[in-house]
Amino acid sequence: MKEALIDVRAWRQFVTVAEELHFGRAAIRLHMTQPPLTQAIAQMERSLGVMLFDRTRRRVALTPAGEALLPDVRDFLERAQALPVRARAAAAGEVGRVRLAFVSTIGFERLPEWVRDFRVLCPQVSLELVEATGDVQRALFSRGELDAGLMLHSPGFAPPELARLTVAEEPLVLALPARHPLALAPRLHLPEVLAEPLVIFPRRIVPSLHDTVFALYHAAGRVPMVAQEAIQMQTIVNLVWGGLGVAWVPESVTQFRREGVVYRAADAFGPAATGRARVKTPKVAPEPLLPVCETSLVWPAALNNPALARFIDFVRERSAAA
């Protein structure tokens, strides 16, 4: 059977006749004369290949097919009436979809708040989340399967092919087993720390930050003794708990409380104690500054998603207020 192409006006005429069950009264409601309305309904029935109304000189009644069709047509007309409003909302970024990838570090605190508040602000925007490391995010961008990502990197080293907004900057801190002698030391001497086995993420995950950590060792004349690599920060911390080594992790990871693991921040580092308080000792060179990292919201330079633009503005406001 040839599919019928019937416009919205014809469906509205059908509903009006179905409600009035009288062509004359329906024509008055539709601000038209009766003959064109009768012809329009007849044309609809021919196009559909079914009778919608039983007509006699005394009465008009819906056929079973007309009865079955009526609720769907009403729903269709209601949706059609809402289309202009929805189109304007979509253009304003109030309706749509944002496919957002994120690294685990931003997921400890900020991201849950942002998702909660953005969904309150724009309830008709579908925010689809996927946890992914930087290398995975870049692959998703290249395939057009991602709208935006929250990436971890060294300051200024976000992927150059993507537009970006810095949302967080934080130092790296040292994670080490709670029973390790360095965990109990009042002050940490960097050369002693750098002599410990290292648990770290693979370079492909965050090349710039991996290189920054290695540069800290090289500046002290050391080559890192990598004991184990792991992708997720939680896994790295768990491996530290297991005694495989120490790890440099973003400060936000301290939100992940793992019994048996302690975190030491930059203020714990200083010259090694001599144990000879009354003897003047030569001045000791200051410890090197510990690395910092950034998290950026990144997206394709050609921004053509109004919902994404709305989300970027939201994150920009939140980051500025933080």
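For the structure, check the block above.
Residues numbered from 1 in each chain as written. Predicted model: local features only at pLDDT ≥ 70, side-chain atom pairs only at ≥ 80, totals over all residues. Heavy atoms only, no water.

Glancing now at the overall build of the protein chain. The helix and strand inventory of the protein chain stands at 11 helices and 11 strands. A globule of 322 residues ought to have a C-alpha radius of gyration of about 20 Å, yet the protein chain, at 33 Å, is considerably larger. Principal axes of the C-alpha set define a box for the protein chain whose edges measure 120 × 35 × 35 Å. Relative to its full complement of 322 residues, the protein chain shows a buried share of 43%. For the protein chain, long-range pairs separated by at least 24 residues make up 72% of all intrachain contacts whose partners lie at least 6 apart in sequence. For the protein chain, the accessible surface area stands at approximately 18,100 Å², while carbon and sulfur atoms represent 55% of it. Where the 37 positive side-chain charges of the protein chain centre and where its 33 negative ones centre are 2 Å apart. (Helix = DSSP H or I, 4+ residues; strand = E, 2+ residues; numbered from the N terminus. Rg over C-alpha atoms; globule rule 2.2 N^0.38 Å. Buried < 20%, exposed > 50% of the residue type's maximum accessible area, 1.4 Å probe, protein only. Contact = heavy atoms within 4.5 Å. Areas by Shrake-Rupley, 256 points an atom, 1.4 Å probe, with all protein chains shown as cover. Lys, Arg positive; Asp, Glu negative; His and termini not counted. Charge placed at Lys NZ, Arg CZ, Asp CG, Glu CD.)

As a further point, take the side chain of Thr-254. Here Thr-254 lies in the loop between β9 (247-250) and β10 (261-264). Classification of Thr-254 by relative accessible area gives buried; the value is 17%. For Thr-254, the contacting residues outside a window of four places in its chain are Val-173 and Tyr-263.

Met-233, Ile-236, Val-237 and Val-240 are the residues of helix α10 (residues 233-241) that are buried. Down the axis of α10, the sector holding all buried residues measures 95 degrees, keeping them to one side. Residues of α10 that are buried sit in contact with β5 (148-153), β6 (162-177), β7 (198-200), β9 and β10. (Arc of directions from axis to C-beta.)

On the secondary structure map, Thr-63 appears in the loop between β2 (60-62) and α4 (64-91). According to the relative accessible area criterion, Thr-63 is buried, its value standing at 6%. A distance of 2.7 Å separates a polar side-chain atom of Thr-63 from the backbone oxygen of Met-51. Residues contacting Thr-63, with those up to four places away along its chain left out, are Met-51, Leu-52, Phe-53 and Asp-54. (Polar contact = N/O pair within 3.5 Å; in protein donor to acceptor, adjacent residues only side chain to side chain.)

The pairing of strand β3 (residues 96-102) with strand β4 (residues 125-131) spans seven bridges and is parallel. By the bridge assignment, Arg-97 is partnered in β4 with Ser-126. Of the crossover connections in this fold, the one passing from β3 over helix α5 (residues 110-121) to the parallel β4 is right-handed. (Pairing = 2+ DSSP bridges. Right-handed = clockwise from strand over helix to strand, strands pointing away.)

The subject of this paragraph is unusual backbone geometry. In this structure, Leu-21 takes a positive phi of about 50 degrees despite not being glycine. Position of Leu-21 among the secondary structure elements: in the loop between α1 (8-20) and α2 (23-29). For His-31, which is not glycine, the phi dihedral falls at a positive 60 degrees. Within the element layout of this structure, His-31 appears in the loop between α2 and α3 (34-48). With a relative accessible area of 75%, His-31 lands in the exposed category.

What follows covers the packing of α5 against helix α11 (residues 306-321). When two helices pack together, their arrangement is given by the angle between their axes and by how far apart the axes lie. Remark: α5 packs on α11, axes separated minimally by 11 Å, with the N-to-C direction vectors making an angle of 125 degrees. As summarised for this structure, α5 and α11 are arranged oblique, according to the angle between their axes. The way α5 lies across α11 gives a crossing that is right-handed. Across the interface between the two elements, Trp-114, Asp-117, Phe-118 and Leu-121 from α5 touch Ala-307, Arg-310, Phe-311, Phe-314, Val-315, Arg-318 and Ser-319 from α11. For the contact of α5 with α11, a count of residues per class yields seven nonpolar, one polar and three charged. (Axes fitted to C-alpha atoms, helices over the stretch in contact; angles between N-to-C directions. Parallel < 35°, antiparallel > 145°, perpendicular 65-115°, else oblique. Left-handed = near helix turned anticlockwise from the far one by under 90°. Nonpolar A, V, L, I, M, F, W, Y, C, P; charged D, E, K, R; others polar.)

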